[in-house]
Amino acid sequence: MLLTIPDVLTPAEVAHCRRELAAAAWGDGRATAGLQSAPVKDNDQMPEGSPAARALGDLVLDALGRSDLFVAAALPLRTFPPLFNRYAGGQAFGTHIDNAIRPIRGTAIKLRTDLSATLFLSDPDGYDGGELIIEGNAGGQAIKLPAGHLVLYPAASLHQVTPVTRGVRLASFFWVQSMVRDDGARALLFDLDRTIQRLAAERGIGDAEVVNLTGIYHNLIRRWADS
Ligand code: NI
């Protein structure tokens, strides 16, 4: 399932991120690349675990916690501390797949990457290129979203970022280990959840069928979730 989530960050939060990123120290993006992806990766990244990256990462995590849509779609068990990258001057990231397992720095935790996420921080008019192309059964889908919007997609997908030929593309990116590992099962749960929400808005939360469907939703979670 590929899902766009609008307005994860407020305009004020986007502005704050941009100010911090303008003053940040950047390193080579290959620092977090795997063996296959390193040769095709050309971008800058805030060093993982730096105080500035941590503070901005916490801001993103707080925003994700406020997003019902993110929680319903990802059913997050663990979220990787968000990283930040920058592409300019023709930089790009060729076709690759994200590593399946990511150790979380400074902890003993290893996260299984079920979902990948990119949170756009630059206005699309401010740069040319820089599309995130996600391969799927229907071919590649090009994603370039307004600042503050997020795309969530299966980490099992091949993807790339096309060269940024004008301006600067800033983004945050991270991975999620979901309580529900299987993408198809998670998509069904999301569909059911959205249907229940719409039905509850129409009929009221105490409606007998809304209660029944809510029970089915939670019983499927019991069946499929790891925690
Ligand atoms: Ni990637």
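In the block above lies the structure referred to throughout.
Residues numbered from 1 in each chain as written. Predicted model: local features only at pLDDT ≥ 70, side-chain atom pairs only at ≥ 80, totals over all residues. Heavy atoms only, no water.

Draft legend 1. Molecular detail of the overall build of the chain. Each helix and strand in the chain was counted, giving five helices and 17 strands. Taken against the 2.2 N^0.38 rule, which gives 17 Å for 227 residues, the C-alpha radius of gyration of the chain at 18 Å falls within 12% of a compact globule. The buried share of the chain, reckoned over its 227 residues, is 45%. Long-range contacts, defined here as pairs at least 24 residues apart, represent 77% of the contacts in the chain between residues at least 6 apart. Of the roughly 10900 Å² that the chain leaves accessible, carbon and sulfur atoms contribute 55%. Separation between the mean location of the 22 positive side-chain charges and that of the 25 negative ones in the chain comes to 5 Å. (Helix = DSSP H or I, 4+ residues; strand = E, 2+ residues; numbered from the N terminus. Rg over C-alpha atoms; globule rule 2.2 N^0.38 Å. Buried < 20%, exposed > 50% of the residue type's maximum accessible area, 1.4 Å probe, protein only. Contact = heavy atoms within 4.5 Å. Areas by Shrake-Rupley, 256 points an atom, 1.4 Å probe, with all protein chains shown as cover. Lys, Arg positive; Asp, Glu negative; His and termini not counted. Charge placed at Lys NZ, Arg CZ, Asp CG, Glu CD.)

Draft legend 2. Focus on the pairing of strand β13 (residues 139-143). As defined by bridge partners, strand β12 (residues 132-136) adjoins β13 across five bridges and the pair is classed as antiparallel. Within the sheet, the bridge partner assigned to isoleucine 134 lies in β13 and is glutamine 141. Once β12 ends, the chain turns through two residues before running back antiparallel as β13. (Pairing = 2+ DSSP bridges.)

Draft legend 3. Representation of the coordination of the nickel ion within the structure. Within the protein, the nickel ion binds to His96 (NE2), Asp98 (OD) and His159 (NE2); these donor distances fall in the range 2.1 Å. Counting gaps between the donor residues of the nickel ion yields the pattern H-x1-D-x60-H. Taken individually, histidine 96 and aspartate 98 each receive the classification buried, so the pair is uniform in this respect. (Donors = N, O, S within 2.8 Å, 3.2 Å for Na, K, Ca; no water.)

Draft legend 4. Examining the pattern of salt bridges more closely. Scanning all chains against the criterion turns up nine salt bridges. The closest approach of N and O atoms between arginine 66 and glutamate 13, which form a salt bridge, is 3.1 Å. A residue pair is termed long-range when its members are at least 10 positions apart, and arginine 66 in helix α2 (residues 51-66) and glutamate 13 in helix α1 (residues 11-22) qualify at 53 residues. A relative accessible area of 48% means that arginine 66 is categorised as partly exposed. Arginine 112 is the partner of aspartate 114 in a salt bridge, and the nearest nitrogen-oxygen pair spans 2.8 Å. On the basis of relative accessible area, aspartate 114 is assigned to the buried category, the value being 10%. Judged by its relative accessible area of 17%, arginine 112 falls in the buried class. (Salt bridge = Lys/Arg side-chain N within 4 Å of Asp/Glu carboxyl O.)

Draft legend 5. Quick peek at unusual backbone geometry. Backbone geometry places aspartate 7, a non-glycine residue, at a positive phi of 50°. In this fold, aspartate 7 is placed in the loop between β1 (3-5) and α1. Owing to a relative accessible area of 57%, aspartate 7 belongs among the exposed residues under this scheme. Positive phi values are uncommon outside glycine, yet leucine 75 reaches one of about 45°. Relative to the assigned elements, leucine 75 resides in the loop between α3 (68-74) and β5 (76-79).

Draft legend 6. Highlighting the packing of aromatic side chains. Scanning the model with the defined rule gives two aromatic pairs in all. Relative to tryptophan 175, the ring of phenylalanine 173 lies with its centre 5.7 Å away and its plane at 90°, an arrangement referred to as edge-to-face. Through a chain of ring-to-ring contacts, the aromatic side chains of Phe80, Phe173 and Trp175 assemble into a single cluster. Its guanidinium or amino end placed over the ring of tryptophan 175, arginine 102 lies 4.1 Å from that ring's centre, counting from NZ or CZ. (Phe/Tyr/Trp six-rings, centres within 6.5 Å; stacked < 30°, edge-to-face > 60°. Lys NZ or Arg CZ within 6 Å of the ring centre and 35° of its normal.)

Draft legend 7. Molecular detail of the environment of glutamate 48. Topologically, glutamate 48 is positioned in the loop between β4 (44-45) and α2. Between the C-alpha atom of glutamate 48 and that of asparagine 212, which follows or precedes it by 164 residues, the distance is 45 Å.

Draft legend 8. Examining the pairing of strand β7 (residues 92-96) more closely. The pairing of strand β3 (residues 41-42) with β7 spans two bridges and is classified as antiparallel. Pairing of aspartate 42 across the sheet is with alanine 92, part of β7. Summarising the sheet, β7 and strand β15 (residues 159-161) pair through two bridges and their orientation is antiparallel. Along β15, the bridge assignment pairs phenylalanine 93 with valine 161.

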